[in-house]
Amino acid sequence: MTRKNLAGVAVFASFVAFGAGCGRSTVSLTPKSELEVQVNGLALMDGGSVGFGGMFQQTCDFDTESGSIGKDYDAGPGLELVLDAAATRAVAVLDGALFELRQADGDVLAGRALGGEGVVHARLLDQGGLLTVSAPDSGGCWLRRGEEPGLGEGVLLPDEACSPGAALSVDRAKGTALIGGTAGLWRVQGDSRRELDGRRSDLLAFDAAIDKVYVGSRGGSSLRARHLDGALAWDAELKGTLVGVAPLTDQSAVLVALQVEKGVRLLALDAEDGQVVGVADIDAVEATALVADATGAVAGLLSPDRVRFFDVDAAD
């Protein structure tokens, strides 16, 4: 168990790999494209070449090579929020009900209503499954797994888990869920719930390849890595305000976005010990969130007026 202070990291004006020491791989971030539109939730498909973003009264797909918008789907009047994407599917929510998206031939996306009541969060599982966190009119905050929202046995969660600001990450193969909020971090495995962290945990990312969850808080400055049994792997104090975190599975690292005095700093930290293995600074930028595809090949930094995409590469 270790704790390091990274406050002394030097400021870089361009995107470069940060010295990682003998035998340690580095991570480089290369600007790829910009999607010049405001989005309400965004998710990248596996491999990062395409993704889905929620926009005013419609959901659109886009490609990250050019940053151009392609097809759209209109689920109804209102602001559609994209929650997740995996394999060939994406899922979004409008007024507490879910709908599914798939790329298709023609001028519009293929979509279908999934329904549900009071859905706040949702993630896609393997074999067509779905995990939802919802607050139905009958009361309580419930986690359910099934092929449709509202089906399957429910696991009762703390009410805080149904707040829009709560964080959710899942193991798509096993259905294990990590849920974080201002009061802590919980693991839901099968029908059992266990608290893993009592500190504020409303920023999190789970790397299922190594069974490790990265935990922080919005507005905070530290990032913790925990094993699924709750054991602390490392705890790093960072210079800046945490905006987002995303696993880089193929690079054995985690990417962190920090709001700093001059803009945004992106840090890649080694998954094993939290040491800095990559750094990039973007001047005069405000960020609201960070996403990456399942492999960690492409990352997206969300701002109020656009999304900046980066290719992520590892080098010895």
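For every chain, the first residue of the written sequence is number 1, and numbering continues from 1 along that sequence. Confidence filtering applies because this is a predicted model: local features only for residues at pLDDT of at least 70, side-chain atom pairs given and counted only at 80 or more, and all residues used for totals across whole chains, interfaces and linings. Side-chain numbers here rest on the full set of heavy atoms in the structure, without hydrogens or water.

### Re the pattern of salt bridges
In what follows, salt bridge is the name for a side-chain nitrogen of Lys or Arg lying within 4 Å of a carboxyl oxygen of Asp or Glu. In this structure the tally under the stated criterion is 15 salt bridges. Notably, a salt bridge pairs Glu65 with Lys32, separated by 3.0 Å at the nearest N-O pair. Taken together, the residues span a long stretch of sequence, with Glu65 in the loop between strand E5 (58-63) and strand E6 (68-73) and Lys32 in strand E2 (residues 26-35) at a distance of 33 residues. Arg306 is the salt-bridge partner of Glu36, the closest N and O atoms lying 3.7 Å from each other. Here Glu36, found in the loop between E2 and strand E3 (42-44), pairs with Arg306, found in the loop between strand E28 (298-302) and strand E29 (307-315); they are 270 residues apart in sequence, far enough to count as distant. Each residue is assigned to one of three classes by its accessible area relative to the maximum for its type, calculated with a 1.4 Å probe on protein chains only: buried under 20%, partly exposed between the two thresholds, exposed over 50%. Given the relative accessible area of 60%, Glu36 is considered exposed. Each of the salt bridges in this network shares a partner with another, and the network as a whole consists of Glu34, Glu36, Asp305, Arg306 and Arg308. The helix and strand labels rest on DSSP assignments: H or I over at least four residues marks a helix, E over at least two residues marks a strand, and numbering proceeds from the N terminus.

### Describing the confidence of the model for the protein
Residue-level pLDDT values for the protein average 88, and 91% of them are 70 or greater. Low pLDDT (under 50) marks residues 1-22, which in the prediction has 59 contacts with non-local residues, meaning those over four places away or in another chain. Confidence of the predictor at the level of single residues is captured by pLDDT, which takes values from 0 to 100. Residues are treated as being in contact if the distance between any of their heavy atoms lies within 4.5 Å.

### Things to note about the sheet that holds strand E15 (residues 167-170)
What the 4 strands build is an open sheet, ordered E15-E16-E17-E18; its pairing is antiparallel. The two strands at the open ends of the sheet, each matched to only one other strand, are E15 and strand E18 (192-197). Strand after strand, the sheet turns through a mean of 20° between neighbouring axes, direction not considered. Being paired, for any two strands, means DSSP has found at least two bridges between them. Where E15 lies against strand E16 (residues 177-181), 4 bridges are found, and the strand directions are antiparallel. Considered in E16, the bridge of Ser169 is made with Leu178. Geometry is summarised by axes, namely lines fitted to C-alpha atoms with helices restricted to the contacting stretch, and by angles between N-to-C directions that run from 0 to 180 degrees.

### Points about the sheet that holds strand E25 (residues 263-270)
Taken in spatial order, the 4 strands of this open sheet run E23-E24-E25-E26, and their pairing is antiparallel. Two strands in the sheet have a free side with no partner beyond their single neighbour: strand E23 (241-248) and strand E26 (276-283). Taken over all neighbouring pairs, the strand axes of this sheet differ in orientation by 15° on average, direction set aside. Bridge count between E23 and strand E24 (residues 253-260): 7 bridges; the pairing is antiparallel. Bridging across to E24, Thr241 finds its partner in Gln259.

### Thoughts on the packing of aromatic side chains
When two rings of Phe, Tyr or Trp (its six-membered ring) have centres within 6.5 Å they constitute a pair, described as stacked for plane angles under 30 degrees, edge-to-face for angles over 60, and tilted for the intermediate range. If you walk through the whole model with that rule in mind, you get 3 aromatic pairs. Between Tyr73 and Phe99 the ring centres are 5.8 Å apart and the planes differ by 35°, which places this aromatic pair in the tilted class. With Tyr73 in strand E6 and Phe99 in strand E9 (residues 97-102), this pair connects stretches of sequence that are 26 residues apart. The burial state of Tyr73 is the same as that of Phe99; both residues are buried.

### Quick word on the pairing of E26
The buried fraction of E26 amounts to 7 of the 8 residues, a majority that puts the element mostly inside the structure. Of the strand pairs in this sheet, E25 and E26 are connected by 7 bridges, and their pairing is antiparallel. Within E26, the position partnered with Leu267 by the bridge is Val279. In this antiparallel pair of consecutive strands, E25 and E26, the connection spans 5 residues, and Gly274 shows a positive phi of 80°.

### With respect to the environment of Val243
By secondary structure assignment, the location of Val243 is in strand E23. Separated by 45 residues in the primary sequence, Val243 and Gly198 place their C-alpha atoms 20 Å from one another.

### Considering the nonpolar core
Judged by nonpolar contacts, the single largest core of 21 residues is most densely connected at Val27, Leu255, Leu266, Leu290 and Leu301. Mapped onto this core, the elements with two or more residues apiece are E2, E23, E24, E25, E26, E28 and E29. Every residue in contact with Leu255, bar those within four places of it in the chain, is listed here: Leu29, Gly244, Val245, Ala246, Leu248, Leu266, Leu267, Ala268, Leu290 and Ala299. In terms of nonpolar packing, the next biggest core, distinct from the first, is built from 20 residues, Ala205, Leu238, Val245 and Leu269 among them. We call a set of buried residues a nonpolar core when its members are Ala, Val, Leu, Ile, Met, Phe, Trp, Tyr or Cys and they connect through side-chain atoms within 4.5 Å of each other.

### Describing the environment of Ala287
Positionally, Ala287 belongs in the loop between E26 and strand E27 (289-292). You can call Ala287 buried: its relative accessible area is 8%. Sequence-wise, Ala287 and Gly263 are 24 residues apart; in three dimensions their C-alpha atoms are separated by 8.3 Å. Leaving out residues up to four positions away in the same chain, Ala287 has contacts with Val243, Gln259, Val264, Leu301, Leu302 and Ser303.

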